[in-house]
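Architecture at a glance
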Amino acid sequence: MDQSQITILIILAATIVMFMWGRWRHDMVAAGALLACIFTGLVPSEVAFDSLGHPAVITVACVLVLSKGLQSSGAVDVLARTCLPAQSGPVMSIAALTALGAILSAFMNNVGALALLMPIALQMARRQQLPPGKILMPLAFGTILGGMTTLIGTPPNLIVSGFRQASGGGGFGMFDYTPVGLAVAMLGIVFIVLIGWRLVPARKQAGMEGFESGAYITEARVPEGSKAEGLTLRELEQALTEADAQVLGLVRNSVRVMPPSPRRRTRAGDILMLEAEADALSQALSSLGLKLEEDRATKEADKEKEDKKEKSRESAKSEADNEPDSGVKERKDKPDADASDEIVLMELVILPSSELLGRTARGIQLRTRFGVNLLAVSRQGQRSFKRLRALAFRAGDLLLMQGSPELVAEFASSTGCVPLAERELRIPDKKKALVAGVIMAASVTVAALGWLSAAVAFASGVLASMVFRTVPPRSVYNAVDWPVVVLLAALIPVAEVMETTGTASLLAAWLLDGVAQGSALVALALILVVTMTLSDVMNNAATAAVMCPIALGTANQLGVNADPFLMAVAIGGSCAFLTPIGHQNNTLILGPGGFRFGDYWRMGLPLELLVVAVSLPMLLWVWPL
């Protein structure tokens, strides 16, 4: 083992550890790995960023834009409400929803497909009187399974195709993944529908309204003269028992007391940090005359704005009275036509790609910029004692927001959150919905027939989307998940270093000699299982980039066809069913489903075993060694 091999192994090990730790974002870790390779001389600086133009990177970015066109035009909503049964039992409902999610994920971003179908899933759970998790987890797993059936279904497929092309074999075609991927997806969905959904833990009793969101942490002020004033915290806890709420902390004169003494008496102006279910918040507040802190701040801010407007009107009137009459009548103030007097409470879940991640309500100036209030936060399985305004948001957090429907909806769309309520079927322009579908279908067809490469075909589709404004030009760059793009562009050169230094061949030789004992079948199974294991704890695109050189090296050492090994990486990279951190879709359902970290393996483990049992013989049949 020479110096370059030792260096890249150290960098690779550190990168994997950082991915698993999860303290830094995946694109930051990938960029750090690339820079480490540059500083150590493994990657020449003049070609370090050439991978930004790699076909896989371009295709991923373009597919995200085309997916945005399908979402914003309403085409997916039409398809969902057309295909899903209005009245059926739980098995048929789960089967239809899961199958639809898999079909959509084959041709669009699977996170977007899940986000669009989540409100329908929650409505379905209420109709079937099932815990939301019984619907959400099958849907999430179905969208993951659907992604493995086409070239554009998921980033690992594009990465695998890129490595095959770089090795001189040419890239995989649009539907080269379909024979194995479709068999795995279909049998996986059959398992989910017949058995799997029954294994999902029931985190809420059937028949309850709303969804399992876990307890919210909220802040309430003790008004002067309220029932709560003068009570000890022990008496306060007893009074809140019926509402199933409890006091976690107290803020007095801007000083936080954690945990407060049960004998401490409340005073007017104290801020209580309460933990309560969303449905019980109203009862908890009204029973003691408490006022939501953010609601109070809103009213004060609105009153201050109204005072300023009144002063402005009086000043303008005074100036007008002092001016000579010009024959023009004074124009009376008109209310803002865009303003809405309706105030709603809406629950939002934070997407893994949201710009809110790691930021606080104070940091983004929530009230000033968006005109909405954060009333409470639910973070399943964890309890935070920080003030709401200082709580850093995470993917999967549930936010209880207050404001006009228009402002809350605008906040959700601009920051990367999903409203967890049934959406009305709104199609701004039916023609645009049709055009968006035609553009996607044309791009897929052109790439599948080989008339253009996938990157060029989908880039042409993006240009057509901008021309026909199914995706407005100003929104094109916002539709791209840039952390994923940077992740891919940074890791491709790192993976190539593994090949050029001989490290991939070295690892493959160890795998064959030490574990597989020279058996190609055992080696294929090991590649598949190791890839699946890594994808459960780190990003699937990163897993594919790490495992592709090892798969190619293993095939070269054995002197067999490399295609089944690359396909094993593609299958394994798409099967992250054991943890909420393995795939973005798993993270997205964590809060709304009321799940805990250990809930996923109950359905995920047998599903992964089924994937191995189905994919190995299919790989050997479709892609012989």
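Computed from a predicted model, the values in this text were never measured in an experiment.

When helices and strands are tallied, the protein chain shows 23 helices and 9 strands. Every one of the 625 residues in the protein chain was classed for burial, and the buried ones make up 53%. Counting contacts in the protein chain only where the partners sit at least 6 residues apart, residues at least 24 apart contribute 78% of the total. With an accessible surface of roughly 28,200 Å², the protein chain has 57% of that area assigned to carbon and sulfur atoms.

Scanning the entire structure with this criterion turns up 2 salt bridges. Asp-563 serves as the salt-bridge partner of Arg-164, at 2.7 Å between the closest nitrogen and oxygen. Placement of the pair is Arg-164 in helix α8 (residues 155–166) and Asp-563 in helix α21 (residues 563–573), with a sequence separation of 399 residues. Here Arg-252 ties to Asp-270 by a salt bridge, and the two come within 2.6 Å at their closest N and O atoms. Placement of the pair is Arg-252 in strand β2 (residues 246–252) and Asp-270 in the loop between β3 (255–257) and β4 (271–276), with a sequence separation of 18 residues. Judged by relative accessible area, Arg-252 falls into the buried class, the value being 12%. With a relative accessible area of 2%, Asp-270 lands in the buried category.

Here we take up a nonpolar patch on the surface. On the surface, Met-1, Ile-6, Ile-10 and Leu-506 cluster together to form a nonpolar patch covering roughly 380 Å² of accessible area. Position of Met-1 among the secondary structure elements: in the segment before α1 (3–21). In this structure Met-1 comes out as exposed when scored by relative accessible area, which is 64%.

Let us look at α21. Within α21, 11 of the 11 residues are buried, leaving the element largely enclosed by the surrounding structure. Taken residue by residue, α21 has Asp-563, Pro-564, Phe-565, Leu-566, Met-567, Ala-568, Val-569, Ala-570, Ile-571, Gly-572 and Gly-573 as its buried positions. Buried residues along α21 sit against α8, α9 (178–199), α19 (520–535), α20 (540–558) and α23 (601–622).

Right, let's get into α23. Look at α23: 29 Å from first C-alpha to last across 22 residues, which is about the 32 Å you get at 1.5 Å a residue. Within α23 the residues assigned to the buried category are Met-603, Gly-604, Leu-607, Glu-608, Val-611, Val-612, Val-614, Ser-615, Leu-616, Met-618 and Leu-619. On the buried face of α23, the contacting elements are α7 (133–146), α9, α19 and α21.

With that out of the way, let us pick up the confidence of the model for the protein chain. With 84% of its residues at a pLDDT of 70 or more, the protein chain has an overall mean of 80. Per-residue pLDDT stays below 50 along residues 297–301; that stretch engages in 3 contacts with residues further than four places along the chain or on separate chains.

The rules behind the values
Residues numbered from 1 in each chain as written. Predicted model: local features only at pLDDT ≥ 70, side-chain atom pairs only at ≥ 80, totals over all residues. Heavy atoms only, no water. Helix = DSSP H or I, 4+ residues; strand = E, 2+ residues; numbered from the N terminus. Buried < 20%, exposed > 50% of the residue type's maximum accessible area, 1.4 Å probe, protein only. Contact = heavy atoms within 4.5 Å. Areas by Shrake-Rupley, 256 points an atom, 1.4 Å probe, with all protein chains shown as cover. Salt bridge = Lys/Arg side-chain N within 4 Å of Asp/Glu carboxyl O. Patch = residues over 30% accessible without salt bridge, like charges linked within 9 Å, V, L, I, M, F, W, Y side chains within 5 Å. Expected span 1.5 Å × (residues − 1). pLDDT = per-residue confidence, 0-100.

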